[in-house]
Amino acid sequence: MTEFMELVCEQGVVTFDGKVVEVFGFGQTEHPLRFHVQMLKEIQVNIPGGRFSDPFVSFKARHMNREGMAIFTDEEAASPEVTALIEAVRAAAPNLEK
């Protein structure tokens, strides 16, 4: 099992305990969004960002109409902790479509 991981970012916090990804803040909603790895269907990564967009990662789950999006500064996106969390979630999620 993955050890507890936590990214404290300028705009919010992302945690992963090996089974559940939780996204707090990032201007998306008043409430944290939680995604069990069994329900994840897609992880979209846009790092290092684009001409008109900040770096981000989004988590999309089956049967949910919301996605959990974490938006990073350039410095945060370049950190090995962001990469490690994304890879840990990918490794634990057996039903990813992409």
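Residues numbered from 1 in each chain as written. Predicted model: local features only at pLDDT ≥ 70, side-chain atom pairs only at ≥ 80, totals over all residues. Heavy atoms only, no water.

For the protein, the helix and strand inventory stands at two helices and seven strands. For the protein, the α and β elements follow one another from N to C terminus as β-β-β-β-β-β-β-α-α. Taken over C-alpha atoms, the radius of gyration comes to 12 Å for the protein, in line with the 13 Å a tight globule of 98 residues would show. Along the first, second and third principal axes, the C-alpha set of the protein runs to 30 × 30 × 25 Å. For the protein, the residues scored as buried account for 41% of the 98 residues in total. Residue pairs at least 24 apart in sequence account for 41% of intrachain contacts in the protein once pairs closer than 6 positions are excluded. Summed over all atoms, the accessible surface of the protein reaches about 5800 Å², with 49% contributed by carbon and sulfur. (Helix = DSSP H or I, 4+ residues; strand = E, 2+ residues; numbered from the N terminus. Rg over C-alpha atoms; globule rule 2.2 N^0.38 Å. Buried < 20%, exposed > 50% of the residue type's maximum accessible area, 1.4 Å probe, protein only. Contact = heavy atoms within 4.5 Å. Areas by Shrake-Rupley, 256 points an atom, 1.4 Å probe, with all protein chains shown as cover.)

In this section: the pairing of strand β1 (residues 5-8). Across the two faces of β1 the burial differs, with M5 and L7 buried and E6 and V8 not buried at all. For β1 and strand β2 (residues 12-16), the ladder comprises four bridges, and the chain directions are antiparallel. The residue of β2 that forms the bridge with E6 is T15. Between the antiparallel neighbours β1 and β2 lie three residues. (Pairing = 2+ DSSP bridges.)

Between its terminal C-alpha atoms helix α2 (residues 80-92) stretches 18 Å, which fits the 18 Å expected from 13 residues at 1.5 Å a residue. On its buried side, α2 packs onto β1, β2, β3 (20-25), β5 (40-46), β6 (56-61) and α1 (74-77). (Expected span 1.5 Å × (residues − 1).)

Once that is clear, we can look at the sheet that holds β5. Strands pair in a sheet through their backbones, by hydrogen bonds, and they do so in one of two ways: parallel or antiparallel. If you walk across this open sheet you meet the three strands as β5-β6-β7, and the pairing is antiparallel. For this open sheet the edge positions go to β5 and β7 (67-71), each flanked by a neighbour on one side alone. Strand-to-strand, the axes of this sheet are offset by a mean angle of 10°, without reference to chain direction. In terms of strand pairing, β5 meets β6 through six bridges, oriented antiparallel. Within β6, the residue paired with N46 across the bridge is F56. α2 rests against β5 and β6 of the sheet, and its axis sits at about 155° to β5. (Axes fitted to C-alpha atoms, helices over the stretch in contact; angles between N-to-C directions.)

Another point: the nonpolar core. By size, the foremost hydrophobic cluster in this structure holds 28 residues, and its most contacted members are F16, V21, L40, F59, F72, L85 and V89. At the level of elements, β1, β2, β3, β4 (33-36), β5, β6, β7 and α2 are the ones that each hand at least two residues to this core. Among the elements that take part in this core, α2 stands out by supplying five residues, more than any other. For L85, the contacting residues outside a window of four places in its chain are M5, L7, V14, T15, F16 and F59. (Core = buried A, V, L, I, M, F, W, Y, C linked by side-chain atoms within 4.5 Å.)

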